Amino acid sequence: MSDRAQTARELAADVATHDGVRDAWTAKSFTDQLLVVETAPGEPIPTAVRERLTADGFAGADKVYDVDGAADAAFAGQFEDCQRYRFVDTESRGQHRSYVVE
């Protein structure tokens, strides 16, 4: 595991303990390391959490991927029991590679 992946895991564990956060974990897209944060239904991500993620090199996924129309660049969706936010590790962006093997 790279140092940056370990940093992301430690950050997710720390964020998960913050008031207003239900859970946080790392994930990977085809090319990027992601950090996902869950809050209660209808609850925005706490400002302190967003600031911490930004300070550690994570930015809202919609902003990073240049997706228009989102009021909140990190918002990933409202689910029955939570709201989800995705953040992309901008310091390691594009370093992860996934390949389909036939």
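Everything that follows concerns the structure shown earlier in this document.
Residues numbered from 1 in each chain as written. Predicted model: local features only at pLDDT ≥ 70, side-chain atom pairs only at ≥ 80, totals over all residues. Heavy atoms only, no water.

A. Structural context of the pairing of strand β5 (residues 83-89). With five of seven residues buried, β5 is to be regarded as a mostly interior element. As judged from the six bridges shared by strand β2 (residues 33-39) and β5, these two strands associate in the antiparallel manner. If you follow Leu34 over to β5, its bridge partner there is Val88. Where strand β3 (residues 58-60) lies against β5, three bridges are found, and the strand directions are antiparallel. Bridge pairing in β5 links Phe58 to Asp89. (Buried < 20%, exposed > 50% of the residue type's maximum accessible area, 1.4 Å probe, protein only. Helix = DSSP H or I, 4+ residues; strand = E, 2+ residues; numbered from the N terminus. Pairing = 2+ DSSP bridges.)

B. Looking closely at the side chain of Asp89. Structurally, the position occupied by Asp89 is in strand β5. Reaching out from Asp89, the side chain makes a polar contact with the backbone nitrogen of Glu91 at a distance of 3.0 Å. In this structure Asp89 touches Arg4, Gln33, Gly57 and Phe58, once residues within four positions along its chain are discounted. (Polar contact = N/O pair within 3.5 Å; in protein donor to acceptor, adjacent residues only side chain to side chain. Contact = heavy atoms within 4.5 Å.)

C. Broad picture of helix α1 (residues 3-15). Between its first and last C-alpha atoms α1 spans 18 Å; for 13 residues at 1.5 Å apiece the expected length is 18 Å, and the two agree. Of the residues making up α1, those classed as buried are Arg4, Ala5, Ala8, Leu11, Ala12 and Val15. Projected down its long axis, α1 shows its buried positions confined to an angular sector of 120°, all on one face. Those residues of α1 hidden inside the fold are in contact with β1 (23-28), β2, α2 (47-55), β3 and β5. (Expected span 1.5 Å × (residues − 1). Arc of directions from axis to C-beta.)

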